[in-house]
Amino acid sequence: MLGLALAAVRDLRERRGPASASELVEFETDVLAGFVLARASAGLADATVRADVGHLEQARAWFDRPLWEMEPVDADAYFGRVLRDAASGTRLARAQALTTYFAFLELRHKVEIHALTGRVVQCPIDEMNRPRGRKDARLRIPPSEAEVAQLFADWAGELATCRKFAPAARNYAAARLMAEVGLRINEARSLDLTDVKWDLGRFGKLHVRHGKGSRGSGPRERMVPLVNHAGRTLRWFIEDVWGQFDADHTRPGAPLFPSERRNGDGSCRRVGDDALRQGLATAAASHLPAWADTLTPHVLRHFCASQLYLSGVDLISIQELLGHSWVATTMRYVHVHRTRIEDAWVAGQQRAAQRLEGLI
């Protein structure tokens, strides 16, 4: 028989070579930079990466040591005491950011961290202390069709006498587009002039290149048909307003909704979301005061979904228009108009009446 010799196995937790404090600070900075680059290379949106880094920085500020030293007992104290009364969405997002970061540490730097510190990386979030629940969701009940029609009618009448016609008309057109085809505000402001495809489909389409991805997966493109007279809104804006920004329509990447500000080369900048939000808020305060504090671009998106549902458009088509990954998300947009419970109650009353007829 061949003899098998057992090799000496050294405990991974044994310290190999201590690093200086300055070396650890530099290493921690490099690791976080590598994490940002890795997440960006995976196609995640910049806002998603920034949010994750923000969560990590807040956890690091509380822990006051490199996060790779965090253990389950530390996470117990953090989520059980410090974040106990925080919104469930905050708790879930922070736990997910930590879990993702530790997965990165284990995949990329486990051996290096052990060599520098003698520690074995282990995620402090486990099945015992992982925050439960789901992200808090606000119930958004959109205004009625008559209220939105009044808003845009009065807003349009104001354009003729406003001090700065071009930016006011831009804010009006962007808001109408959000109400007509349910664009998110970032999707609307990110459109280029060439993203309007007049020759596609029955009404023309918008090429939405910066659609929101599911669970931070990065931009998801989609084609949005110009239903609900959205084509008419865009034709008016492009033909009668866009040129007043003195922008070059032949320049690649010329924004559909320009800003009055200029880039370094003299070309028009893209409008910011703050300008569009403020334009809608000001118009709501003037022309729909009952909604002055609650009418946002996202409420207009809910309004679009609700009106399509009331017009008989099926949920799958609304899901495709809005760019939702799951039809369950679309159902939350139209649930205020769904009548399943009322229909069931009416049917139950009819069955009860039929049983009574047989007894009389």
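Located above this text is the structure these notes cover.
Let me begin by describing the structure that accompanies this report.

### What to know about unusual backbone geometry
- With a phi angle near 60°, D64 is a residue other than glycine that sits in the positive phi range.
- Its identity as a non-glycine residue notwithstanding, N228 has a phi of 55°, on the positive side.
- Residue placement: N228 occurs in the loop between β3 (220-225) and α9 (230-241).

### Examining the nonpolar core
- Core analysis: the largest hydrophobic core is formed by 56 residues, its most contacted members being W155, L177, L183, L206, F257 and L295.
- Of the residues forming this core, the biggest block, 11 residues, is contributed by helix α7 (residues 165-181).
- Ignoring any residue separated from it by four or fewer positions in sequence, one finds W155 in contact with A168, N171, Y172, A175, G279, L280, A283 and H287.
- Counting 25 residues, the second largest nonpolar core, distinct from the first, contains F27, L56, L83 and I113.

### Examining the packing of aromatic side chains
- Inspection of every chain in the model, using the stated rule, returns 12 aromatic pairs.
- On the numbers, 5.5 Å between centres and 85° between planes, the contact of W155 with Y172 is edge-to-face. Placement of the pair is W155 in helix α6 (residues 145-159) and Y172 in helix α7, with a sequence separation of 17 residues.
- What makes Y172 buried here is its relative accessible area of 8%.
- Members of the aromatic cluster, joined through ring pairs, are F35, Y101, F102 and F104.
- Sitting above the plane of the F152 ring, R176 keeps its charged end 5.0 Å from the centroid.
- Sitting above the plane of the W198 ring, R235 keeps its charged end 4.0 Å from the centroid.

### A look at the sheet that holds strand β2 (residues 205-211)
- Pairing is antiparallel across the open sheet formed by 3 strands, whose spatial order is β1-β2-β3. On the outer flanks of this sheet lie β1 (196-197) and β3, each paired with one strand and no other.
- In this structure, β2 lies alongside β3, joined through 5 bridges in antiparallel fashion. Paired with K205 across the bridge in β3 is P225.

Rules behind the numbers
Residues numbered from 1 in each chain as written. Predicted model: local features only at pLDDT ≥ 70, side-chain atom pairs only at ≥ 80, totals over all residues. Heavy atoms only, no water. Helix = DSSP H or I, 4+ residues; strand = E, 2+ residues; numbered from the N terminus. Core = buried A, V, L, I, M, F, W, Y, C linked by side-chain atoms within 4.5 Å. Buried < 20%, exposed > 50% of the residue type's maximum accessible area, 1.4 Å probe, protein only. Contact = heavy atoms within 4.5 Å. Phe/Tyr/Trp six-rings, centres within 6.5 Å; stacked < 30°, edge-to-face > 60°. Lys NZ or Arg CZ within 6 Å of the ring centre and 35° of its normal. Pairing = 2+ DSSP bridges.

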